Amino acid sequence: MLLLASLVVVSGATASPRSDNLVSKAVQALGGESALVSIKTVAVKGTMRQWEPEQSVLPGGDMRLANDSTFEIVVDYGARASRTDVVKNFVYPFPRTYTFSEIVTPDAGYVAGIDSMGRTKQSMESNPPAHAMSGLRLATTQREMRRASPMTFLDMLRNSDRVSDAPDITVGGVSYPAVNYTANGQTFTVAFDSKTNLPARIRTQDYDNVWGDVTFDLVLSDWHQMGGRQVATSQQYQLNGRTIFERKITDVQTNVAVAADRLMIPAEVKASAPKPATGNLHYQWVIRRQVIGTYLDSDNPSFDARATSGLRLNELGPGIQHVVGGSHNSLIVEMKDYLIVFDAPVNDAQSNWTLDAARQKFGAKPVKYLVLTHHHMDHVGGLRAYAAQGTTIVVGKGAAEHFRRVLAAPYRRNPDLPASRDLTGTQFIEVAEKQVLTDGQREVVVYVAENPHAHAMLIGYLPAERLGFVTDLWSPGAPMGPTLNPNQAAVIATVKRFGITPLKFAGGHGSTADYAALVALEGK
Ligand SMILES: [Zn+2]
């Protein structure tokens, strides 16, 4: 309560001489107000390396290196428009290169080229590939541009009503005086270096679907005079204090000529382009799915809002419902007195939908077990909605400790679930090899699959129906290559190892397919 009370006081405060002083000294250190005012356009070149912590092999293990990219940004402050040309070389989930451009204006965003495996209908139907940014991505991109822009400090200097005192931020035993800056409904905490007066760290308080309430910081260092001002040539993004992105600025040019058409969004795209989203947004989802090149650029994080009306149930048999229609699926299995659900993908909004649909289909039967095939953020981000109902969570051996830490994290900023429950009492079942869940009538078996994608991965199986459930190792119904990949081979190896005889698999991605379609690739 004390903490809450102090937050209220801080956010209600207006700029004090202390915070005004911090801002004006920072503007001086950056090169001075007149130097910033004289910047009409900039062209910035650099490189970026990104890791994804929640796509690790081991739960809570080393971050996965996701991509290396080069970029060139041009900003026309008068036109309030920017263009970023990106060449992004991915190493995860598999090697590929995307070359694309983003144009951002106050009211619309545009992507020319292919920037994701999770393409929207609009991108697929456009020739050459292009699409309007969702309002969610536009708001996120605008926020991140504001975080990294020198003009933010000019705006702070000129609008002291947007600036208020904030408690010092202490990192590594060093205390940094800080202010809060609110623009367009987004609040940044800006911390300054007491020795140089330069900004040192620009923080937002975000919601992460795995770790709940997190800090997301841009850490600025290695300052050099470039383009008529001081530029932080080394920029790190830290999630809860852990560096997940590293950006290097290699070139800054000021007041270069920018042809107007380079910043123009085609009229036919702009006409239906969404405005920036507002409110408590899933910023981390938007940012981090782009890190591994799988972001579905839609105003609903679960499905392409321009292509489908939403998630839906697909009945695979009596009491067996596949949640489909989005990028990520669940499987609901009805037992005598309860339900079993496989995977809690994306976020708690999707879980709320699945729980609602299950209630409509199966009445008041509670979800007794949630089986999480593996710990990756896109398949577990909705686990709190289940934990809040007292569901027991079934995970691979060694993963329970990771999920206990996840559920102990505060989640006050969760956009989809009130943080009214203490989730630390959630029960876990760890599966070492095989776990049978039965009510004496129906049997559901969970098997551990050895594989290269994630440690202690689980595969579900209904022996009577000869139906399996698999996530990420194989996406049933999705186009297949000419040969088995190592993940698909792991499915076959698991089936053989446990001597089961599936006819069909339903997927955490894709739809359903005959197991024979996978076996047909064996030996090719
Ligand atoms: Zn995965």
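Just above sits the structure.
About the cut-offs
- Each chain has its residues counted from 1, running along the sequence as written.
- The predicted nature of this model means local features are confined to residues of pLDDT at least 70 and side-chain atom pairs, given and counted, to a pLDDT of 80 or more, with totals for whole chains, interfaces and linings taken over all residues.
- With hydrogens and water excluded, all non-hydrogen atoms of the structure serve as input to the side-chain values.
- Going along the chain from the N terminus, every DSSP run of H or I of four or more residues is numbered as a helix, and every run of E of two or more is numbered as a strand.
- Pairing of N or O atoms within 3.5 Å defines a polar contact, subject to two protein rules: one partner must be a possible hydrogen donor and the other a possible acceptor, and residues neighboring in sequence count only if both atoms are side-chain atoms.
- Should DSSP find at least two bridges between two strands, the strands are regarded as paired.
- The axes used here are C-alpha line fits, helices contributing only the stretch in contact, and every angle between their N-to-C directions lies in the interval 0 to 180 degrees.
- In this analysis, two residues are considered to be in contact whenever any of their non-hydrogen atoms come within 4.5 Å of each other.
- Under the scheme applied here, a residue whose accessible area is under 20% of the maximum for its type counts as buried, over 50% as exposed, and between as partly exposed, the area being computed with a 1.4 Å probe on protein chains only.
- Neither His nor the chain termini are counted; the positive set is Lys and Arg, and the negative set is Asp and Glu.
- What counts as a salt bridge is simple: a side-chain nitrogen of Lys or Arg found within 4 Å of a carboxyl oxygen of Asp or Glu.
- Listed donor atoms are N, O and S within 2.8 Å of the metal (Na, K and Ca: 3.2 Å). As water is not included, a site may look incomplete.
- Geometry assignment treats four donors as tetrahedral when all angles are between 85 and 135 degrees, treats four as square planar and six as octahedral when opposite donors are over 155 degrees apart and all others between 65 and 115, and treats everything else as irregular.
- Only rings of Phe, Tyr and Trp enter the pairing, Trp through its six-membered ring, and a pair is recorded when the two centres are within 6.5 Å. The plane angle decides the type: under 30 degrees is stacked, over 60 is edge-to-face, the rest tilted.
- Criterion for a charge above a ring: Lys NZ or Arg CZ within 6 Å of the ring centre, and within 35 degrees of the ring normal.

## A look at the environment of Lys-504
Among the structural elements, Lys-504 can be located in strand S25 (residues 504-507). Here the alpha-carbon distance between Lys-504 and His-282, two residues 222 residues apart in the chain, equals 35 Å. Engagement of the side chain of Lys-504 in a polar contact is seen with the side chain of Asp-514, the distance being 2.8 Å.

## As for the sheet that holds strand S26 (residues 512-514)
Pairing within the open sheet is mixed, and its six strands lie in the order S21-S22-S23-S24-S25-S26. With one partner strand each, in any of the chains shown, strand S21 (434-438) and S26 form the two edges of the open sheet. Looking at each pair of strands side by side, their axes are set apart by 25° on average, direction ignored. Relative to strand S22 (residues 443-449), S21 runs antiparallel, the two sharing five bridges. Bridging from a neighbouring strand, Leu-437 pairs with Val-444 of S22. Running at roughly 120° to S22, helix H13 (residues 486-498) makes contact with S21, S22, strand S23 (457-462), strand S24 (467-470) and S25 of the sheet.

## So, the side chain of Arg-413
Locating Arg-413 in the fold gives a position in the loop between helix H12 (400-408) and strand S20 (428-431). An unpaired buried charge is present at Arg-413: no salt bridge exists, and Asp-213, the closest side chain of opposite charge, is 4.1 Å distant. A polar atom in the side chain of Arg-413 sits 3.4 Å from the side chain of Gln-205. Within the structure, Arg-413 has its side chain in polar contact with the backbone oxygen of Val-214 (distance 3.1 Å). Once you skip the residues sitting within four places of it in the chain, Arg-413 turns out to touch Gln-205, Asp-206, Tyr-207, Asp-213, Val-214 and Asn-280.

## Brief notes about the sheet that holds strand S17 (residues 339-342)
Spatially, S14-S15-S16-S17-S18-S19-S20 is the arrangement adopted by the seven strands of the open sheet, whose pairing is mixed. Lying at the two open borders of the sheet, with one neighbouring strand each, are strand S14 (312-317) and S20. The average angle at which neighbouring strand axes cross in this sheet is 20°, direction not considered. With four bridges connecting them, strand S19 (residues 392-396) and S20 associate as parallel partners. Paired with Val-395 across the bridge in S20 is Glu-430.

## Focus on the coordination of the zinc ion
Bound to the zinc ion are the protein donor atoms His-374 (NE2), His-376 (ND1), His-453 (NE2) and Asp-472 (OD), situated 2.0 to 2.2 Å from the metal. Here the zinc ion is ringed by four donor atoms whose angles at the metal span 90 to 171°, and the overall shape comes out irregular. Counting residues between consecutive donors of the zinc ion along the chain gives the motif H-x1-H-x76-H-x18-D. Note that His-376 is positioned in the loop between strand S18 (367-371) and helix H10 (377-380) and His-453 in the loop between S22 and S23, a separation of 77 residues in sequence. Take His-376 and His-453: they sit in the same class, and that class is buried.

## Observations concerning the pattern of salt bridges
Per the counting criterion, the structure on display carries 26 salt bridges. Notably, a salt bridge pairs Arg-288 with Glu-52, separated by 2.8 Å at the nearest N-O pair. Here Arg-288 is found in helix H8 (residues 283-291), whereas its partner Glu-52 is found in strand S1 (residues 41-52), with 236 residues between them in sequence. When sorted by exposure, Arg-288 lands in the same class as Glu-52, which is buried. Among the charged side chains, a network of salt bridges with common partners joins Glu-102, Asp-115, Arg-137 and Asp-297.

## With respect to unusual backbone geometry
In this chain, Tyr-92 is followed by Pro-93 through a cis amide linkage whose omega measures -5°. Locating Pro-93 in the fold gives a position in the loop between strand S3 (81-90) and strand S4 (96-104). Note the cis peptide between Asn-127 and Pro-128, where omega equals 0°. Mapped onto the fold, Pro-128 is located in the loop between helix H4 (121-125) and strand S6 (130-132). Positive phi outside glycine occurs at Asn-184, with the angle close to 50°. Following the sequence through the fold, Asn-184 ends up in the loop between strand S8 (174-183) and strand S9 (186-192). If you check the backbone angles, Arg-466 has positive phi at about 55° while not being a glycine. As for its placement among the helices and strands, Arg-466 is situated in the loop between S23 and S24.

## Considering the packing of aromatic side chains
Two measures describe an aromatic ring pair: the distance that separates the ring centres and the angle between the ring planes. Summed over all chains, the structure comprises 11 aromatic pairs. Ring centres of Phe-403 and Phe-428 lie 6.5 Å apart, and the angle between their planes is 20°; on these two criteria the pair is classed as stacked. Of this pair, Phe-403 sits in helix H12 while Phe-428 sits in strand S20, and the two are 25 residues apart along the sequence. Taking the relative accessible area as the measure of exposure, Phe-403 reaches 2% and is therefore buried. Measuring from centroid to centroid gives 4.4 Å for Tyr-447 and Phe-498, while their planes differ by 35°, and the two rings are tilted. Of this pair, Tyr-447 sits in strand S22 while Phe-498 is found in helix H13, placing the two residues 51 residues apart along the sequence. The class of Tyr-447 is buried, set by a relative accessible area of 5%. Each member of the aromatic cluster is reached from another via a ring pair, and the members are Phe-216, Tyr-237 and Phe-245. Above the face of the Phe-94 ring, Arg-96 is positioned so that its terminal group lies 4.8 Å from the ring centre.

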